[in-house]
Amino acid sequence: MKVAAVWVGLMILCGLCGLTKAACPDRNSFSLDLQKISSISYDSTGLTQQRTRLHAWLKRWEKCYEKADSTYISALNQLAYVYNFTYDYQPAIRYATQAIALYGSTRGSLRLKTSDYAKTCYRLGVYLDAANETEKSLSFLLKAFESGKIHPDGIRWASAACPYITYSYYVKGDFEQALLYASQGEHLAYMLGSDIQISKLFEQKAQVLQSLGRFNEAKNAIEKAILLVRYDADNQESHAGQERLLGVILQEMGDQKNGLKHLQAAFKLARLHQNPNLSDYANALGLHFYRQKNYQKAISYFKEAYQINKSQYSKSVLFDHLGLASCALGKFDEALRYHQKGLTQLSVPFRDTSLTALPRAATIRSEPQKEYFLLLVQDKAATWLTYARKTSSHKKFKLQQALHTFMLADSMIDFMRWELSGESSKLFWRKKTRTMYEQALETCFLLNNTEAAFHFFEKSRAVLLSDKLNELNAAQRLSEDDSEQEKKLSHRIRFLQNEVNSPGNSRQIRQKYESELLNTLFEQEKFIKRLETTNPQYFRYKYDSHIISPRAFQEQSLKPTSTLPESAYLSYFVGDSSLFGLCIQSHDIALKRLDLEKYRYFLHQFKPLLISRNAQNKQFTQLISSSSGLYECLLKPFGLSKGTRLIISPDGEFLPFGAFSLSPTQPDFLIRHHAISYVYSARFLEKNESSATSFWPPGPSFLGVAPIEFPSAMNLASLSGSDKAITALNSHFHFPKNLIGKDASRQEFMNQAQHFQIVQLITHADADSLEAPTLFFADSTLALSDLPGGKRFQTQLMVLSACKTGSGTYQRGEGVFSFARGFLALGIPSTLTTLWNVENQTIYELNQSFYEHLATGLPLDIALQKAQIAWLTGNSRSNQLPFAWAGIVLIGQTRPVMTASFSDDWFILIALGFICGLIWGIKRYISTRKTNPG
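Just so we're clear, the structure is a prediction, and the values are computed from it rather than from any experiment.

1. Comments concerning the UniProt feature "repeat: TPR" (unreviewed entry) in the protein chain
Right, on to step 1. Using the residue numbers shown here, the UniProt feature "repeat: TPR" (unreviewed entry) corresponds to residues 279-312.
Right, on to step 2. Taken end to end, residues 279-312 comprises 82% helix and 0% strand; its first and last C-alpha atoms sit 12 Å apart.

2. Re helix α24 (residues 480-500)
Right, on to step 1. Between its first and last C-alpha atoms α24 spans 30 Å; for 21 residues at 1.5 Å apiece the expected length is 30 Å, and the two agree.
Right, on to step 2. All buried positions along α24 are accounted for by Asp482, Glu486, Leu489, Ile493, Arg494, Phe495, Leu496, Gln497, Glu499 and Val500.

3. A word on the state of the cysteines
Right, on to step 1. Summed over all chains, the structure comprises 1 disulfide.
Right, on to step 2. Covalently, cysteine 24 is tied to cysteine 64 through a disulfide, its sulfur atoms 1.9 Å apart. Disulfide cysteine 24-cysteine 64: torsion about the S-S bond near -85 degrees, hence left-handed. Within this pair, whereas cysteine 24 is found in the loop between α1 (2-22) and α2 (27-38), its partner cysteine 64 is found in helix α3 (residues 44-64), the two being separated by 40 residues in sequence.
Right, on to step 3. With a relative accessible area of 18%, cysteine 24 lands in the buried category.

4. Comments concerning the packing of helix α5 (residues 89-102) against helix α6 (residues 114-130)
Right, on to step 1. It is at 9 Å that the axes of α5 and α6 come closest, and there the two elements cross at 155 degrees. Considering their axes alone, α5 and α6 lie roughly antiparallel with respect to each other. In terms of crossing hand, the pair formed by α5 and α6 is left-handed. Every residue of α6 that contacts α5 at Tyr89, Ala92, Ile93, Ala96, Thr97, Ala99 and Ile100 is listed here: Tyr117, Thr120, Cys121, Leu124, Tyr127, Leu128 and Ala130.
Right, on to step 2. Residues that form the contact of α5 with α6 fall into these classes: 12 nonpolar, 2 polar and no charged.

5. Points about the pairing of strand β12 (residues 797-801)
Right, on to step 1. Counting buried residues along β12, 5 of its 5 residues qualify, which places the element largely inside the surrounding structure.
Right, on to step 2. Pairing of β12 with strand β15 (residues 830-834), which is carried by 3 bridges, proceeds in the parallel orientation. Its bridge partner lying in β15, methionine 798 is registered against threonine 831.

6. Comments concerning the pattern of salt bridges
It is possible for side chains bearing opposite charge to pair when their charged atoms get close.
Right, on to step 1. Summed over the entire model, instances satisfying the criterion amount to 20 salt bridges.
Right, on to step 2. Measuring nitrogen to oxygen at the nearest pair gives 3.2 Å for the salt bridge that ties lysine 219 to glutamate 223. Taken together, the residues span about one helical turn, with lysine 219 and glutamate 223 both in helix α11 (residues 215-229) at a distance of 4 residues.
Right, on to step 3. One network of salt bridges, with partners in common, ties together Asp33, Arg53 and Arg60.

7. As for the packing of aromatic side chains
Right, on to step 1. Counted according to the given criterion, the structure contains 41 aromatic pairs.
Right, on to step 2. Judged by centre distance (6.3 Å) and plane angle (70 degrees), the ring pair of phenylalanine 657 and tyrosine 678 falls under edge-to-face. With phenylalanine 657 in the loop between β4 (645-649) and β5 (676-678) and tyrosine 678 in strand β5, the pair connects residues that are 21 residues apart, well separated along the chain.
Right, on to step 3. Exposure remark for phenylalanine 657: the relative accessible area of 3% places this residue in the buried category.

8. Quick notes on unusual backbone geometry
Right, on to step 1. Of note, the phi angle at tyrosine 87 is positive, near 65 degrees, even though the residue is not glycine.
Right, on to step 2. With respect to the secondary-structure elements, tyrosine 87 resides in the loop between α4 (70-85) and α5.
Right, on to step 3. Take tyrosine 87: its relative accessible area is 35%, and that puts it in the partly exposed class.
Right, on to step 4. With a phi angle near 55 degrees, asparagine 448 is a residue other than glycine that sits in the positive phi range.
Right, on to step 5. Within the element layout of this structure, asparagine 448 appears in the loop between α21 (423-447) and α22 (450-460).

Cut-offs applied
Residues numbered from 1 in each chain as written. Predicted model: local features only at pLDDT ≥ 70, side-chain atom pairs only at ≥ 80, totals over all residues. Heavy atoms only, no water. UniProt positions renumbered as here; feature names shortened; annotations may be inferred. Helix = DSSP H or I, 4+ residues; strand = E, 2+ residues; numbered from the N terminus. Expected span 1.5 Å × (residues − 1). Buried < 20%, exposed > 50% of the residue type's maximum accessible area, 1.4 Å probe, protein only. Disulfide = S-S within 2.5 Å. Axes fitted to C-alpha atoms, helices over the stretch in contact; angles between N-to-C directions. Parallel < 35°, antiparallel > 145°, perpendicular 65-115°, else oblique. Left-handed = near helix turned anticlockwise from the far one by under 90°. Contact = heavy atoms within 4.5 Å. Nonpolar A, V, L, I, M, F, W, Y, C, P; charged D, E, K, R; others polar. Pairing = 2+ DSSP bridges. Salt bridge = Lys/Arg side-chain N within 4 Å of Asp/Glu carboxyl O. Phe/Tyr/Trp six-rings, centres within 6.5 Å; stacked < 30°, edge-to-face > 60°.

So this is what it looks like as C-alpha cells:
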C-alpha cells in the first residue's frame, strides 16, 4: 500500500514537471517577447516597465532552459542598458559582467556570437567609464576593439570603442597611444561608411596633436572633421565644437584673426541650434579676449556664459575666469570675491563668502571633481600674490593669505595623486601644477619664509617615477587581502563621488550618497593608518606626504663631523619666469632668486658642447666662459667656502657641476674645490638613511659584470678591455665574483646582483628613446620596468659604466627618467653613473682610481673627487676636457662603502681560527700520546 502511494506520488510529480516544461514557450517566442519589451519607450514610466518585465523574462528563461544563448545574453545586455539609462551604474555593471562571464563557460554550451561578445565588452566599458572606474573601463573597451575588429558584425562595436579608448589615453597624457587608436578607429569607421564616426575620430586626433604641439597636423585633422559634418543638419552640434577647436588651434599657431573668426562662427552655430553647451562657446571667446588683454570684452563674454549655464562646475570655472580678468584690471577685491563664489559653487559643504575663508583639506577629499577646486584655489592664491605685488598696503598679510592658499592647493595635489592610477596621468597633473609651485616659491621668497620654501621645493620635485617604481615594488609586499581592500575602497569612493554629483539623483538620494561617501573616506583613513603600522614601507611609498623639516634635515644629513668637511644642500627650481635656489648648511638656510635669463643664455652655450670632445676642443673658450657663467648664476650667489661638499638637487637639466669653471678665462674646474653628489630630493635622501651599512653587512663585497660581445641583432660595438678592467678591480676585494663574456647574461645579473654590496657594470645602454631605459647583456636586454622589485637588494653601491645610463627621456618636472633613479627606487642608496658616452679607456682608469680611494675608507663623493682630480693632474690638456671625466656622477648617499666586507673578513678569520684550532688539537693529541704511550 505504501509502495503504491509512493509510485502515485512520483507519477504526479513527473506529470507536474512535464506540465511545467510543456508550459515553457520555445526560444523563438522568448526572442519575440524580448523584442517587444525592448521597444517600450525610454521615458521614466517606460524604463520602469522595461526593468520589471526584463527581470520576469530572465526568471522564466532560467526555469525553462539550463543553457544560455545569444537571446539570453541580449536580455542581460538590455537590462544593463536600462539601468545605465537611469544612471544606476552598479546594476548595469553587474548584469553586463554576468553576460561576459557566460562566454566560454560550461553554462553557455550553445555557440555565442563573437559580435555579441564585442558588443557586451563595449557596453560594460561604457558603464564602467560612467561609474568612474577608468582602468577597468579601458580594459573592456580594448577587449571590444580586439574581438570586434576581426568579425564583420563586430566592427561596429570595435569602431564605437575607439573614441572612448582614445579619450582615455588622452586624459592620461599617453598621447601616442591616443593617436594610435584614433587612427585605428578612423580605419574601421571608413569600413562602416560612417562619416559621423570618422569626423569624431578626426576631432579627437586633432585634440591629441594639439596637445603634442603638432599644430599643422592638428589643423589638417580638424578641417577634415568639419568637411564631413558641415552640411549635415543632424550634426551641427558636433560642427560647432569642431569650429571652436579649429579656432583654438589657429590661435596657438599665432593666427589670432582667423582663430577669432572660427570661434565666433562656432558661437553663432551653437546659439542657432540651441546647443546645450552654449556657455562653453561664450567662455572660449572670453578666453580669447583675455589672452589678447582685452579684459573688459572678456568679462562681458564670461558674464554672458554665466547667464546661460546651469552646471555648478561650469559656473565655478566662469567665476574663476571673471576673477582672473578682474585681477588683470587691478580690481583685486572684486577678483577675490569671484574666486570665492566659485569655491562655494562646488559640491562640498563650503558656503563661506569671506575673502580669506578656505575649505579644510579633509573636506575637499569628498569632492569628485577636484580639478575644478584645484583651479580655483590656485588662481585665488595667485590673485593674493598679485595683490601683494601691485599694492603697498598690508603686503605681508596678503602674502600670508597667498601662502596659506597655496598650501591648500598642495594638499589637494596629494589627494589627486592618490586617486590617479596611471603614470601618464600623474605626469599630466604635474605639468598643470608647475606654475603653481613657481608662484608659491615667489611668495615664500617675498616673505623670506625658508621653511615653507623648502616644503614647496620638495613637493615640486615630482614623484612620478618614484611613485611608479615604488608602488610596483611595495605592492608586491602588500598582502592579497590588503590589496583587495585598497582596490575596493578606491573604487567605492570613485563611484560615490560620481553619484553625489549625478544630475539624475534627487537631493535625498545625493544626501544618502554623501553620508556613505564620508563613511567610506573615514574607512579609508583607518585602513591607511593601519598600514602605517603593519606595512610601513608601503605606507611611505603610497600615502606618506610628510616632508622633513629643514631643521631635521640639517641634523640628519648635514651635521658636520670632526674628520670631514661641511656639506651644503643646493636645490633649484627652474620656472617659466623665475629661477630659485635654496642652500641649506648645518647652520644656515638661504633662499635666493637667481638670474633666469643669464642661466638660459649660458645653458644654451654650454649644453651642446658637453657630449663632443671635438666641439670642446674647437670651442674651448666658449666652453670655459659658459661654464663660468653657470657657476656665477647657480653657485656664487651662496658664497660657499672652498672644500664644502656639495649635494645638488637639480631641476630640469641634469648638469655636471664639476665641469663649471670658477674663472671665465682659465679652466679652474669646480671639482678641484668641492666634492659633488646629486640627489633627486632631500626626501629621497631621507628615505634612504635607513639603508646605512650595519656592523655585519648582508652579503659578499663585489660583483663585476662585463658582457664584452653582444648579439649581432643588437648592432653594438664590442667593449674590448672591459674584462681586464673588471679583473683589475678584483684586487680591492676579498672573494670577488665576475660575470664576464657569455656569463654576463640578463638572467644571471638579475639572480646575482641583489646579493652583493658593490655591483660594477661595464656595458652599453640606451636611455634616449621614449621607451624605458635599457641595459644590454650578452644574451638580451634589461629595461627599467624589468627590475626585480619583489627582491630585496643588499647592494650599497651600483656602478653603471655605460653609455648615458644617467640620462634619459626628459619629462619636465620629473628630472631624468633613468636607470640611476630606478636602482635608487629599489633601495640601492648610491649609484655611480654616466651622463653621456664616456670613452672606454677613460672610464676604466677612472673606475680603478675611484676604487683605490674608496678602499681607504673615504666617502663616495670624496673618492670620486680625488679620482677626477688625479685624472686632471696626470693627463694631457686634451684629456682634461670635461668630456673625458665630468660625465661620471654620483647620485644618492655619499657614506663610505667597505671594499672588503666583514662577511669576507669573518670567513677568513673563522677559517684561520679553524686551522689554528686543528693544529692545536693535533699537537695536544701527539703530546698526550707521548705522555701516555699505553
